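Per-entry structural report
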Amino acid sequence: MAWGGFKGNVQKELASQFFRLRLWTQKELLEQLFEQYEHLDEDIKAELPLKRVWMVATQDEGL
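Residues numbered from 1 in each chain as written. Predicted model: local features only at pLDDT ≥ 70, side-chain atom pairs only at ≥ 80, totals over all residues. Heavy atoms only, no water.

Broken down by element type, the chain carries 3 helices and 0 strands. Counting from the amino terminus, the chain carries its helices and strands in the arrangement α-α-α. (Helix = DSSP H or I, 4+ residues; strand = E, 2+ residues; numbered from the N terminus.)

Structure (C-alpha cells):
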C-alpha cells in the first residue's frame, strides 16, 4: 500500500516477482475498508473504531 502512489517502474517490477502482490493506492484502500468494515471481526473493529455518518449530497455530487 502506498499512500503517495507508485513510481512507473513499480508495475514493471511487480510482473517479475515470484509472489503475487496487489498494489493499493490510498483511494483503493479506503474504498475497500469502508466496503468491508461491517464484515470484519469485532476485534479488528475495536482496534479501528469507525462510525458511519450520513449527509445530504448536493446535485453535482450525484448518487
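Here the narrative resumes.
Scored by pLDDT, the chain comes out at a mean of 81, with 71% of its residues at no less than 70. When mean pLDDT is compared element by element in the chain, helix α3 (residues 42-47) scores highest at 95, while helix α1 (residues 8-15) scores lowest at 68. (pLDDT = per-residue confidence, 0-100.)

All right, on to the side chain of K45 then. Assignment of secondary structure puts K45 in helix α3. Given the relative accessible area of 13%, K45 is considered buried. Within the structure, K45 has its side chain in polar contact with the backbone oxygen of E38 (distance 3.3 Å). Leave out the neighbours within four places in its chain, and K45 touches Y37, E38 and L40. (Buried < 20%, exposed > 50% of the residue type's maximum accessible area, 1.4 Å probe, protein only. Polar contact = N/O pair within 3.5 Å; in protein donor to acceptor, adjacent residues only side chain to side chain. Contact = heavy atoms within 4.5 Å.)

A few words on the layout of surface pockets. Roughly 180 Å³ of internal volume is contained in the largest pocket. As for the largest pocket, its lining consists of F34, Y37, E38, L50, K51, R52 and V53. Looking at the lining of the largest pocket residue by residue, the classes come out as 4 nonpolar, no polar and 3 charged. (1 Å grid on protein atoms, 1.4 Å probe; cavity = no way out; pocket = protein on both sides within 12 Å on 5 of 7 lines; lining within 4 Å. Points joined across faces, edges and corners; volume = space filled by probe spheres on them. Nonpolar A, V, L, I, M, F, W, Y, C, P; charged D, E, K, R; others polar.)

Now for a nonpolar patch on the surface. Taken together, F34, L48 and L50 make up a surface patch of nonpolar side chains, about 270 Å² in accessible area. With respect to the element layout, L50 can be found in the segment after α3. Taking relative accessible area as the criterion, L50 reaches 38% and is therefore assigned partly exposed. (Patch = residues over 30% accessible without salt bridge, like charges linked within 9 Å, V, L, I, M, F, W, Y side chains within 5 Å. Areas by Shrake-Rupley, 256 points an atom, 1.4 Å probe, with all protein chains shown as cover. Salt bridge = Lys/Arg side-chain N within 4 Å of Asp/Glu carboxyl O.)

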